[in-house]
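Per-entry structural report
Below, each chain spelled out in residue letters.
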Amino acid sequence: MPTEADLNLLFALNALLSEGSVAKAAERLGLSESAMSRALARLRESTGDELLVRAGRAMVLTPHALALRDRARELVRESSAVLQPAGASMDPRALRHLFTIRANDGFIEALAPRLVARVAREAPGVRLRFAPKPDKDVRPLREGLLDLDVGVLGESGPEVRLQALFRDRFIAVVHQDHPLLAEPEITAERYAACDHVITSRHGRTEGPVDDALAAMGLVRNASVVVPSFNTALSIAAATDLVALIPSSYFEHLRARGTLRSFPLPMPTEQITVSQMWHPRLDRDPAHRWLRGMVLEVCRPLNEQERVP
């Protein structure tokens, strides 16, 4: 069984690997630098690795330390949760933590600024790291590499908890002088006859919109495929190509002025954007607070969706 000294060493290890500095780790744990240096010496003896080595005037992590960093952070978090009474209250202003949130570029660009501002006001000691979302693989959640995964649910299995944040739908975006806007009605036929710029992380050229058009006997020409919504909008602003963009993403870009949006001229299903996490974090007070912040930031989108 781990002793109290072992647990203290684990907290020291996490601080050293997170901060990359004896002085900063000592400040984080409220210890003297000499005490933290002694802890580092014990950790070097226990692990058989230097962990932190001098590189000029700075200290850098060894490869073994880099491999341990995420595991140490997760172990400290779980230990803290175990030793804390169930339902214990938490003061966000006293929280010192780094949260990693994975989301696509649409969510990050549209909602991250509001989340960052809210967190800075309520928990100035919290740091946020936004990670790109190349796929919907839930293994990073299972392995403790992510705190939250925000997006449309994929193949999750029983190991993922989720909470719906808001419902969204795709809209079409063109430049303000686009020929489609010259007539009052934008029909599915006129829409399909245009050239389109498609956003896909994996280079796909077809999706639900194409299925809806096919049901009407129509096909659109996906002449350009790009990996991000921002790039698609830039192309739409400079050409006659039609971009397909989530409504929530386009809302925060209204100040651009040169772009116009309109509903798709055929029925398509809404999409539900959720936040997902691993069950081991269900009762963690810090994680529950983070989930509440994300939900609050997204609440206006939910209210907007209910407006007739």
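Attention in this report is confined to the structure presented alongside it. (Residues numbered from 1 in each chain as written. Predicted model: local features only at pLDDT ≥ 70, side-chain atom pairs only at ≥ 80, totals over all residues. Heavy atoms only, no water.)

1. Here's the deal with the overall build of the chain
If you tally the helices and strands in the chain, you get eleven helices and twelve strands. The buried share of the chain, taken over its 308 residues, is 41%. Looking at the chain alone, contacts between residues at least 24 apart form 72% of all its contacts between residues at least 6 apart. In the form shown here, the chain has an accessible surface area of approximately 16,400 Å², with 53% of it arising from carbon and sulfur atoms. (Helix = DSSP H or I, 4+ residues; strand = E, 2+ residues; numbered from the N terminus. Buried < 20%, exposed > 50% of the residue type's maximum accessible area, 1.4 Å probe, protein only. Contact = heavy atoms within 4.5 Å. Areas by Shrake-Rupley, 256 points an atom, 1.4 Å probe, with all protein chains shown as cover.)

2. Some words on the packing of helix 2 (residues 22-29) against helix 3 (residues 33-47)
Contact geometry for helix 2 and helix 3: axes closest at 9 Å, N-to-C directions at 110°. Between helix 2 and helix 3, the angle is such that the two are roughly perpendicular. Between helix 2 and helix 3, the contacting residues are Val-22, Ala-23, Ala-25, Ala-26 and Leu-29 on the first element and Glu-33, Met-36, Ser-37 and Leu-40 on the second. For the contact of helix 2 with helix 3, a count of residues per class yields seven nonpolar, one polar and one charged. (Axes fitted to C-alpha atoms, helices over the stretch in contact; angles between N-to-C directions. Parallel < 35°, antiparallel > 145°, perpendicular 65-115°, else oblique. Nonpolar A, V, L, I, M, F, W, Y, C, P; charged D, E, K, R; others polar.)

3. Concerning the nonpolar core
Core analysis: the biggest nonpolar cluster contains 40 residues, and Leu-111, Val-173, Ile-245, Trp-289 and Val-294 have the highest contact counts within it. For this core, the element with the highest residue contribution is helix 11 (residues 285-306), accounting for eight residues. Not counting chain neighbours up to four residues away, the residues in contact with Leu-111 comprise Phe-166, Val-297, Cys-298 and Leu-301. Grouped together as the second largest cluster of nonpolar side chains are 19 residues, Ala-25, Leu-51, Leu-68 and Ala-72 included. (Core = buried A, V, L, I, M, F, W, Y, C linked by side-chain atoms within 4.5 Å.)

4. Looking at the packing of aromatic side chains
If you walk through the whole model with that rule in mind, you get one aromatic pair. Ring geometry for Phe-229 and Tyr-249: centres 5.6 Å apart, planes at 45°, overall tilted. Of this pair, Phe-229 sits in helix 9 (residues 229-238) while Tyr-249 sits in helix 10 (residues 247-251), placing them 20 residues apart in sequence. The residues Phe-229 and Tyr-249 share a single accessibility class, namely buried. (Phe/Tyr/Trp six-rings, centres within 6.5 Å; stacked < 30°, edge-to-face > 60°.)

5. Re the environment of Ala-232
Position of Ala-232 relative to the elements: it lies in helix 9. Judged by its relative accessible area of 0%, Ala-232 is buried. On a C-alpha basis, the gap between Ala-232 and Ile-245 in space is 8.2 Å, while along the polypeptide they are 13 residues apart. Sequence-distant contacts of Ala-232, that is, excluding residues within four places in its chain, are made with Val-197, Thr-199, Val-226, Ala-243 and Ile-245.

6. Quick look at the layout of surface pockets
The calculated volume of the largest pocket comes to roughly 1,200 Å³. Lining the largest pocket are 46 residues; nearest its centre among them are Val-152, Phe-170, Thr-199, Arg-201 and Phe-229. Put simply, the parts of the chain that give the lining of the largest pocket at least two residues each are helix 5 (105-122), strand 5 (148-151), strand 6 (161-168), strand 8 (195-199), helix 8 (208-215), strand 10 (242-246), helix 10 and strand 12 (271-277). Ranked by residue count, the leading element in the lining of the largest pocket is helix 5, at six residues. Of the residues contributing to the lining of the largest pocket, the split by class is 23 nonpolar, twelve polar and eleven charged. (1 Å grid on protein atoms, 1.4 Å probe; cavity = no way out; pocket = protein on both sides within 12 Å on 5 of 7 lines; lining within 4 Å. Points joined across faces, edges and corners; volume = space filled by probe spheres on them.)

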